[in-house]
Amino acid sequence: MELYLIRHTTPDVAKGICYGQKNIGLTEAFLEELKRLEAKLPEEHKMFQVYSSPLKRCSKLATKLSEQGIITDDRLMELNFGSWEGQKWDDINEEELSEWMQDFVEVECPGGESYRRLYDRVTAWWKEVIRSKQEKVLVVTHAGVIRCLLSHILGLPLENSFRLQVGYGSVSQIVYQNNRNTVAFINR
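Note that the structure is predicted; figures quoted are calculated from it, not measured. In this convention, every chain numbers its residues from 1, walking through the sequence in written order. For this predicted model, a pLDDT threshold of at least 70 governs which residues receive local features, and a threshold of 80 or more governs which side-chain atom pairs are given and counted, while totals over whole chains, interfaces and linings are taken from all residues. Excluding hydrogens and water, the side-chain figures rest on all heavy atoms present in the structure.

### What to know about the pattern of salt bridges
- Whenever Lys or Arg places a side-chain nitrogen within 4 Å of a carboxyl oxygen from Asp or Glu, that contact is recorded as a salt bridge. The final tally for this structure, using the stated rule, is seven salt bridges.
- Taking the shortest distance from any N to any O, the salt bridge between glutamate 38 and lysine 46 comes out at 3.8 Å.
- Think of it in three bands: with a 1.4 Å probe and only protein chains considered, a residue is buried below 20% of the maximum accessible area for its type, exposed above 50%, and partly exposed in between. What makes lysine 46 partly exposed here is its relative accessible area of 25%.
- Here glutamate 106 and arginine 116 are joined by a salt bridge, their closest N and O atoms 2.7 Å apart.

### So, the nonpolar core
- Among the nonpolar cores identified, the biggest contains 38 residues, and Leu3, Trp100, Trp125 and Trp126 are the most heavily contacted of them.
- Secondary structure elements are defined from DSSP: runs of H or I of at least 4 residues count as helices, runs of E of at least 2 residues count as strands, and each element is numbered from the N terminus. For this core, the elements supplying multiple residues, two or more each, are strand S1 (2-7), helix H3 (94-102), helix H4 (115-132), strand S4 (136-141), helix H5 (143-154) and strand S5 (171-177).
- Per-element accounting of this core gives the leading share, eight residues, to H4.
- Any two residues whose heavy atoms approach within 4.5 Å at even a single point are treated as in contact. When near neighbours in sequence (up to four residues on either side) are disregarded, tryptophan 125 contacts Leu3, Tyr51, Asp73, Arg75, Leu76, Val139 and Leu149.
- Residues enter a nonpolar core if they are buried and are Ala, Val, Leu, Ile, Met, Phe, Trp, Tyr or Cys, with the set joined through side-chain atoms within 4.5 Å. Among the nonpolar cores identified, the runner-up in size contains 16 residues, and Tyr4, Ile6, Val50 and Leu61 belong to it.

Set out below in structure tokens:
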């Protein structure tokens with residue numbers, strides 16, 4: 001299986017806002033970013049099976065990348081930041097934020113989830129996709145999801161996953177053959 005992990009293009013949100021599962025749109029530069037992103041993919045990518053986070057910043061992009069229709073899956077949504085969603089990071093309760101930052105892998109955001117829970121749902125999705133034996137797959141999702149999946153595949157500790165750079169409109173390719181993964185980063 002060839003799997004392409006695609007991070008959505010630039011979201012239409014002010015800098016410094018916590019927006020994990022907040023359903024925000026994309027900037028006016030979307031069509032320009034789409035052209036650059038498609039240049040990173042195989043020419044026949046519109047015929048691949050496409051999975052997407054249901055959040056509109058992903059599903060809008062996924063729809064443009066597919067002629068076959070898309071499959072949305074809640075497990076591909078970004079980390080749920082709970083009561084922090086939509087707040088400025090600077091306005092979040094310092095004590096709560098400090099506790100979370102000391103162990104973001106295991107500590108849940110108030111009313112949200114931990115990075116471990118995100119990892120668990122993403123790896124459950126990955127195991128299902130492997131069993132499906134599809135040949136070529138595009139996945140339009142979020143940086144947290146991509147980092148969790150790459151951490152799983154590469155055997156990286158989750159606390160080190162933020163060393164992986166996952167920019168807007170980035171593409172990471174995974175080749176999965178005979179129960180083995182090979183990861184190639186394309187045009188980060």
